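Here are the chains, one letter per residue:
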Amino acid sequence: MTRSLDPVDMDKIVSLCKRRGFIFQSSEIYGGLGSVWDYGPLGAELKRNLKDAWWRANVYARDDVVGLDAAILMHPQTWVASGHVETFADPLVECQNCNQRFRPDQVLVSEVTDIQNNRLLGYASGFNREEVLSKSRPLLPKRMLVMFQATAPEPKPFQDYLGNTSKLPCPFCDTVGQLTDPRMFNLMLKTFLGPVEDTASLTYLRPETAQGIFVNFQNVLTTSRKKLPFGIAQTGKAFRNEITPGNFTFRTREFEQMEIEFFVRPGADDDWLTRWVNDRFHWYLSLGIRQENLRTRRHAKDELAHYAKDCYDIEYHFPWGWAELEGIANRTDFDLRRHAQFSGKDLSYYDDEAKERFYPYVIEPSGGVDRAALAFLVDAYDEEQIRSETRTLLRLHPDLAPVKAAVLPLSRNERLLPKAKEVYALLREQGARNIDYDDAQSIGRRYRRQDELGTPFCVTIDFQSLDDNAVTIRDRDSLEQLRLPIPQLPVLLAELLNHGWSAAPAHLKVTTGPPKDA
């Protein structure tokens, strides 16, 4: 079926995630903790599947990348050498009324003007264009509302008003004239090791996983016996004291990263950067992201991090606009040289063939598990009309789907349940992962529930199954069905999960059977 091209309402994504057990507010019973999220049963599976797919593509499918699992806590000198202690900070404006802080580049401001009388009515501020326009309307006389809808000006970045913010409202509480000048705030979260909280025991929760790879460069090089070019991959938690987090799980204080540090000979770095940008872009496409929602953007010189020679972002078109999904940076030899300097250890590479010693350059593909999971959820979300009813579904790739298939008896009839449980046990015994069994409510409601979970296939046991020992498989996306003998089910289901509905044998497809869209 043709999927909807309408923009996704972010409120619907948030609602579905809570309702179906993908994502919950952390510590919700105590009122929650700002921008910290818990992943429920389905969300945990989605994240695990996502990380497994990333690991397969970047470690198992390659012979030039090995894995690592470095500790979250590291020697504090690590972060001095990396530059985080000195430079990992954001300029933040604080509202003296509500005490909220925000980055100037993340807030938009609109001048609300009475065009007919050439009079400034005030200002509106917010984190996206829609929010700014919504806050602008109460400032307008009723006679101007219709005209404003058609001629509303584009908001300007908050930093355009720096030095002249006395009449600007806070984007959080809307109080006017209470905004400070920007001040630098460090984004690293501090902690202390041992019983005494003093500077000697100070350390940090890592703000990125990359440094664990750099400080282990020689350990991995020696034990893996790899030669350039080669990479070290890692997934793991990182922590940042984000002052203006938001957009659900897009920007959070605790998050998971998927990072590779790929070490190359200087001079080969530009070519490898291009190759990694292409590889990473096509990985998202291979797992179902629509190409029109994905793009690459090269950083301008004034955007580059202190360590970067060049950098590309893979951006996704989220409901609030284009935003970074993954960055691929050329970090040069900055990190290895800095850690060698601060530790006093040799982190250079000796090329046996060229009889030459040098510091490798590094290409770093760095993506976020949480951002990627959110992008896949948004991209998979769809609504379509089935007769007079709206069917909501997640068109998740089978590799990512939390539930791979659901076994559904047509009803709770005592004759059907033993056969349904027999099929369920067969699939699990044959090694099928994440198979759901559901016999509550009507078959139509159970189909709808599985559609919202993103379950690719439903296996239905009906009264005919008692006579022919066969079941019906329903495809989530097309609503087509096929019927096959139960002994053949494990093999065919594995084939469908690996290759999609196009792998279904045409002679098994049926137009009759259990209600496919009830």
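For the structure, check the block above.
Residues numbered from 1 in each chain as written. Predicted model: local features only at pLDDT ≥ 70, side-chain atom pairs only at ≥ 80, totals over all residues. Heavy atoms only, no water.

(A) Expanded view of helix H11 (residues 369-380). For H11, built from 12 residues, the straight-helix expectation of 16 Å at 1.5 Å per residue is met to within 8% by its first-to-last C-alpha distance of 16 Å. Of all the 12 residues making up H11, 12 are buried; the element is thus mostly covered by neighbouring parts of the structure. If you check which residues of H11 are buried, you get Val369, Asp370, Arg371, Ala372, Ala373, Leu374, Ala375, Phe376, Leu377, Val378, Asp379 and Ala380. (Helix = DSSP H or I, 4+ residues; strand = E, 2+ residues; numbered from the N terminus. Expected span 1.5 Å × (residues − 1). Buried < 20%, exposed > 50% of the residue type's maximum accessible area, 1.4 Å probe, protein only.)

(B) View of helix H8 (residues 217-224). Of all the positions in H8, only Phe217, Val220 and Leu221 are classed as buried. Buried residues of H8, seen end-on, are gathered within an arc of 100° and therefore sit on one face of the element. Every exposed residue of H8 that faces more than 90 degrees away from the buried side is listed here: Thr222 and Thr223. In this fold, the buried residues of H8 make contact with strand S3 (65-67), helix H7 (210-214), strand S12 (230-239), strand S13 (254-264), helix H10 (334-343) and strand S17 (349-351). (Arc of directions from axis to C-beta. Contact = heavy atoms within 4.5 Å.)

(C) Broad picture of unusual backbone geometry. Cis rather than trans, the peptide bond between leucine 228 and proline 229 has omega equal to -5°. Among the structural elements, proline 229 can be located in the loop between H8 and S12. The backbone of aspartate 174 sits at a positive phi, close to 70°, despite the residue not being glycine. Using a relative accessible area of 39% as the deciding quantity, one classes aspartate 174 as partly exposed.

(D) Structural detail: the sheet that holds strand S6 (residues 108-114). Spatially, 3 strands are ordered S7-S6-S8 in an open sheet, and the strand pairing comes out antiparallel. Taken across any chain shown, the strands that pair with only one partner, and hence form the sheet edges, are strand S7 (119-126) and strand S8 (156-157). Across the sheet, helix H5 (residues 129-136) touches S6 and S7, and the angle it forms with S7 is around 140°. (Pairing = 2+ DSSP bridges. Axes fitted to C-alpha atoms, helices over the stretch in contact; angles between N-to-C directions.)

(E) Broad picture of a nonpolar patch on the surface. Judged by side-chain polarity, Val80, Val85 and Phe342 come together as a nonpolar surface patch covering roughly 190 Å² of accessible area. Examined against the element boundaries, phenylalanine 342 turns out to sit in helix H10. (Patch = residues over 30% accessible without salt bridge, like charges linked within 9 Å, V, L, I, M, F, W, Y side chains within 5 Å. Areas by Shrake-Rupley, 256 points an atom, 1.4 Å probe, with all protein chains shown as cover. Salt bridge = Lys/Arg side-chain N within 4 Å of Asp/Glu carboxyl O.)

(F) Molecular detail of the pattern of salt bridges. Taken as a whole and judged by the stated rule, the model has 48 salt bridges. A salt bridge links lysine 18 to glutamate 28, with the shortest nitrogen-to-oxygen separation between them at 3.1 Å. A residue pair is termed long-range when its members are at least 10 positions apart, and lysine 18 in helix H1 (residues 10-20) and glutamate 28 in the loop between strand S1 (23-25) and strand S2 (37-39) qualify at 10 residues. Judged by its relative accessible area of 41%, lysine 18 is partly exposed. For glutamate 28, a relative accessible area of 41% gives the class partly exposed. Each member of the salt-bridge network shares a partner with another, and the members are Asp382, Glu384, Glu389, Arg391, Arg395, Arg448, Asp451, Arg474, Arg476 and Asp477.

(G) Structural detail: the pairing of strand S22 (residues 405-409). Counting buried residues in S22 gives 5 out of 5 residues, a clear majority hidden from the surface. Burial of S22 is two-sided: the residues Ala405, Val407 and Pro409 facing one way and the residues Ala406 and Leu408 facing the other way are all buried. Inspection of the sheet shows S22 paired to strand S23 (residues 435-437) by 3 bridges, in the parallel sense. Each residue of the ladder has a partner; that of alanine 406, found in S23, is aspartate 436. Between S22 and its parallel partner S23, the chain crosses via helix H12 (residues 416-429), and the hand of that crossover is right-handed. Across 5 bridges, the pairing between S22 and strand S24 (residues 457-461) is parallel. (Right-handed = clockwise from strand over helix to strand, strands pointing away.)

(H) Focus on the side chain of arginine 206. Residue position: arginine 206 is located in the loop between strand S11 (202-205) and H7. For arginine 206, which is buried and forms no salt bridge, the nearest opposite charge comes from aspartate 69, at a distance of 5.5 Å. There is a polar contact of 3.2 Å between the side chain of arginine 206 and the backbone oxygen of alanine 71. At a separation of 2.6 Å, a polar atom in the side chain of arginine 206 contacts the main-chain carbonyl oxygen of lysine 237. If near-sequence neighbours (up to four positions away) are discounted, arginine 206 is found in contact with Ala70, Ala71, Ile72, Trp79, Gln234, Gly236, Lys237, Ala238 and Phe239. (Lys, Arg positive; Asp, Glu negative; His and termini not counted. Polar contact = N/O pair within 3.5 Å; in protein donor to acceptor, adjacent residues only side chain to side chain.)

(I) Examining the packing of aromatic side chains more closely. What the rule picks out here adds up to 22 aromatic pairs. Centre to centre, the rings of tryptophan 283 and phenylalanine 376 are 6.4 Å apart; their planes meet at 85°, and the pair counts as edge-to-face. With tryptophan 283 in helix H9 (residues 269-286) and phenylalanine 376 in helix H11, the pair connects residues that are 93 residues apart, well separated along the chain. For the pair tryptophan 283 and phenylalanine 376, a shared accessibility class is recorded, and that class is buried. Aromatic pair tyrosine 316 and phenylalanine 318: ring centres 4.9 Å apart, planes at 80°, arrangement edge-to-face. Judged by relative accessible area, tyrosine 316 falls into the buried class, the value being 1%. (Phe/Tyr/Trp six-rings, centres within 6.5 Å; stacked < 30°, edge-to-face > 60°.)

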